[in-house]
Structure formats: C-alpha cells, structure tokens
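Here is how the chains run, residue by residue.
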Amino acid sequence: MEELRDISHDNKYVVLSQLKDAAEKASNEQDKAALTIIGGALSLGYNHSECNYRPLIQLSDGHRSYAMEDIDSGAIEILKEAVNVISPDWMRAQLSDIIWIQISDHSYAECATREYISVFENVFDEGHWVGCFEAIQHAYDISIRLGKKSTSFLQVREAINSALKKMDRNDPLFLSIKLIELSYNDAKPDEQALYLSLVQRIYQQNKSCADEEHIHITEASFQLLCRLLKRANRTMELQSVSTEMAQYYAICGKQLANGDPSRIHRAIDLLQKACRLYDKSSDRQTVLDLRACISEYQRRALSNMASIPFEFDVKPIYTRISQLFEGLSLREKIVQFGLLSRIYRKRDVKKQVLDNQQKFLSTSLFTSKILNDEGHTVEVIQPLDLQNPEGDPETLFKHMVKYVSESRNLDETICLQFAYGFVKNAGQVSLDDLSFLTEKNAVIPNGRNETIKFGLYLGLSGKLYAAMHILLPQMEHIIRNLVALCGDTVSFIKEGCEEYKPLSQLFKSDKLHEYYDEDIIFTFQSIMDERAGANLRNINAHGLMGPSIGNGGAALCFLSLIIKFLSLYSVEANRIMKKLSSKRKEIETQEQ
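Residues numbered from 1 in each chain as written. Predicted model: local features only at pLDDT ≥ 70, side-chain atom pairs only at ≥ 80, totals over all residues. Heavy atoms only, no water.

(A) Representation of the pattern of salt bridges within the structure. Applying the stated rule across the entire model yields 28 salt bridges. Here Glu 191 and Arg 157 are joined by a salt bridge, their closest N and O atoms 3.1 Å apart. Of this pair, Glu 191 sits in helix H9 (residues 189-207) while Arg 157 sits in helix H7 (residues 151-167), and the two are 34 residues apart along the sequence. Judged by relative accessible area, which is 6%, Arg 157 ranks as buried. With its nearest N and O atoms 3.4 Å apart, the salt bridge here joins Glu 379 to Lys 398. Here Glu 379, found in strand E4 (residues 377-381), pairs with Lys 398, found in helix H18 (residues 393-424); they are 19 residues apart in sequence, far enough to count as distant. Three or more residues joined by partner-sharing salt bridges are found here, namely Glu 219, Arg 266, Asp 269 and Lys 273. (Salt bridge = Lys/Arg side-chain N within 4 Å of Asp/Glu carboxyl O. Helix = DSSP H or I, 4+ residues; strand = E, 2+ residues; numbered from the N terminus. Buried < 20%, exposed > 50% of the residue type's maximum accessible area, 1.4 Å probe, protein only.)

Dropping the structure here:
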C-alpha cells in the first residue's frame, strides 16, 4: 500500500498491475486474498447512468473480470481496512463508494464524496477537463442520494459553483458547460441566474467565430441555453436564440461545402440542423432555399464518393451456372432461375453478424448511413454494443438486413445475371409458358393469377423495371393473405373506420411467425420493406423507383425469389424443382 502513495488516477492500470504482481508474490494467503480483493475493486469501471460499477472486461460469452457480485461480507471488511491505509484520494473514493453501495453505510458515502471533491480540485484542468469532471460527477451521484439538504450535497454544489466562478466562462473547451449541465436541475434561483449568464456569454463568444473549431462548443452551449431559457419560461428569447443558431448553422455549412470537399457531408448535416431550427411558417422561403442547397450538396457528395475497384475471376461462376442450365427446357430454366435465389436463414445471418462484430471492431465503433440515389440518408444504423451486441434487438436486426443486402449486391447478383441471360436466350417467353407456375397455385389468392403471370412475363422478357411495379404489390397482397390464413388481423379499426396494416406490421405478425417459415419471412422482409436493405416495395409504392433500381441487382434477386416462392406451391413447378435438385447434386459430386 505504501508503494501506491504517489500514483495518480491517470496511472490506474499501473496500480492494477502492481497489485496483481504483489498478490502473486505474497507468501501469506491472507495477504494474497486481500491484495486480490483491493485490486479487483479498483479495477471496476463506474457506470454513471446506473450509478454502479461494471467489470473491466465483460465478454458476450459470459466471461468477465472482477465484479461487484464478487464482493462478499469478508471482502467488505478488507476494503474497510484498505480505506484507512491507502493514500491516493481516488483510491479511497472508489473503495468507499463500493462499500457504500454494498452495505448502505452513509459514513462511507460521505467519505467518498469528500475524496472525489478532493480529486476534482487536485486534477482541475480547464484544457484537459474530462478527468476532473468525472470526479465531480461521481461525487454528485453519491451526494444526491444522501439528500439535497445533506452536507455532502452542499459541498459538491459549492465545489461546482466555485469552479464556475473561477473560470468565468473563459475555459477553452467544455468544462463549464458540463458542470452546469450536471447541476442546473437542482439549482436555486440565484444559481440559475449565474448559470444562465455564463452560458449566454459562452454561446455568444463562440458563435462569433463561424469556423469548424468552435462549432461543437457553440452547439453544446446553445442546447444548454435552450434548456435554461425554457426552464425560466423566457419563450421569446428562446425563439430568438433558435433563429440565431439556425443562421449560424447555415453560414458554417456553406463555408464548409465551398471549402474542403471532404467535409461536404458535415456541411449537409449543419444545413439540415438549420432547417429544423427555422420557424416553418415565418421562415418558409429561407428553409426552401436551404433545402435547395442541401440537394445540390447531396448530388455533389455522390459525385465525389470514391469507388474501390477490385478484380476477380467470374469464369468459375459462369461455368457452374452454364452447367446448371445445360439441356433444360424453358420451364426448367425458369424454375432453375428461381432456385438460384437464396432464402437467408435468420439464425445463420445473426451468427455471421455477431462473428463479424468480434472480427471487425468498426461495427462497434462507427455509425453506418444508408444513402439513396439522390444522396439522401434513408437509414442510420448505430454500432453494436461491444459488451452486449444482442442487447438492442432492433439495431442488431438492422445489421442483419444490411449484411443480407450486401450479400445480394455481390455474389447472388453475379450468379443471377448469368442465369437471367440463359433464360432470355432460351427464346421468347409467352404468357402460356408461365401457366404451370401460376395456375392452381396454392399461395396465390383468388383472382390474382393472371396479374402475377403478366408480371413474371414482363420480368422474364427483359422488362424487369416494369415487372417490379406489378410483382411487388402482388407479393405484398400474398403476404397479407398469409397473415390472415395464420389467424391474425390484417387491418386496424379506429373510430369506426378500418384501415389495412402496412407491410411492416404484417411482417411483425406473431401469428405469421408462429405458423410460417421465419427464414422466408425474413428474406422477403429484408428485400421489400427495410431501409437498411433494398426497400423495394416502399420505393416502388411511393413512385421513387427509377430504372437504375428497377433494372438493378436487387430487382433481379426479387424476381428470382418470387419464382422460387411460387414454385414451392405449384405441383408442376415442385416436380421440376426435385428433378433439378438431383441435377445439382450430380454437378456438385463431379466438382468434388
């Protein structure tokens, strides 16, 4: 313990290493156990949102390092002794806080608060503010649980207010802003006046410098100023400040766009923020002008996007596809084209995404944006939690859809392009040639056979774009019919009116998932209805599907997929599928 006297919190991991070495070298078993407990307690990381501690390492497979649940009554006694002999204030603070959390002894909460205030004052640095802020934030978390009238809480507030007055809004970064954010909710009227005055000056001071260096501070001070003005019921000032900030965003955005081309996306983001702040009624023309600028910048951003070319030999793929189509009749070629589409197994996709998350840290560090043909951001996919990637099922699902979409865009599309050529080269397809697939098909609702047949005819005749406008809504109707057959409702009733559920709600039907194949549901959902994927149905329904999408890889995958789906419920097509499956196995055996 004596050797740790002068080690600061910045060197926490040096302390942990020394304690581990000391525990391994200790000849006395009691010393070994004590050093292990102290080192384990100091290794814990504090979670502000939960006001508790987490293990330093916690893997998705359940393995972890030392945790709060490892601290039993015997360990508490060891930590109590350690608090009395350890010198560094940050160590005494953390150990006292852990004891307080585990046994609710207020004296240790008071001790932890005092020590964290000491850390805050000792490491106070306006330029490197994170360490000292975390210390006072920690003290605040502890003291507020002791009550707003407690001596500890008053001491924390005094430390915060003293620091704010000392800096007098002249700190270069975020410390004043973060301190006020931490404490304004519990401020007295005189403190609120102080905070409002400081934030107004920070905001005005940074807003006067319309450069990227000051944007983040200006933005943070503006957001805090809005909360303070709203709390003070100063509505007119709030509107005025919002208009000022909108003008600031617009100026900064245009400067960025006309400066460094690599900052064009940041410029678009700033102009979009400006549009959100302007009053839509009184500043309508300004908003329209900004939207025109945004559209121009989005087109510019698309044209500036770099492509990464790569080469690979497609001859083996072509050879394999040609073998699959060799000697087939027209009907067999149509069914074979459908068989090449993939039904993605949801369980396998999830496993692959989670495996990739372990291999590629970028999935846990960076946000992904999905852009459309106009450069608009249509979906934002947050990174997966490194510690608990399955903790947010919605985000995980978006990553799964994105993974499937990327797979379609590459290997599946290449195979289908070759297969599509073999079908078109087989000769002109007629409507009668497709009757075997649609007539007496168990999955096609009554009265839809001819329409679906015509859509397939267009698609297999090279008019893929036109086919999408027929097949996508018809497939939606098939899904709606399946939901009804599974025993679920397909409409909402509200105030006496009935409205059909959108496709997104149909795909989420509990009854559908209970009685129908989840992999088929997931595959169609990923290509028809998810913005992280191709989103074909929604793009088509709103008239946004242009020829580039309608004739593209995703559309080709959908045509193949719907043929495969229909083949499952056609007696003749099913017989052909079995025959082709045998042919495929023969080819695979020859390849081996």
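Once the structure has been displayed, the description carries forward.
(B) Region of the structure containing the packing of aromatic side chains. This model, assessed by the stated rule, comprises 16 aromatic pairs. Between Phe 397 and Phe 522, the aromatic rings sit 5.8 Å apart at their centres with planes inclined by 75°, giving edge-to-face as the arrangement. Residue Phe 397 is located in helix H18, and its partner Phe 522 is located in helix H24 (residues 518-528); the two are separated by 125 residues in the primary sequence. The residues Phe 397 and Phe 522 share a single accessibility class, namely buried. Members of the aromatic cluster, each reached through a chain of ring pairs, are Tyr 318, Phe 325, Phe 418 and Phe 422. (Phe/Tyr/Trp six-rings, centres within 6.5 Å; stacked < 30°, edge-to-face > 60°.)

(C) Molecular detail of the state of the cysteines. Following the criterion strictly, the structure yields zero disulfides and no others. Between Cys 111, a cysteine without a disulfide, and Cys 51, which holds the nearest cysteine sulfur, the sulfur-to-sulfur distance is 18 Å. No disulfide involves Cys 415; its sulfur sits 9.6 Å from the nearest other cysteine sulfur, which is in Cys 557. (Disulfide = S-S within 2.5 Å.)

Purely geometric numbers; function is a separate question.
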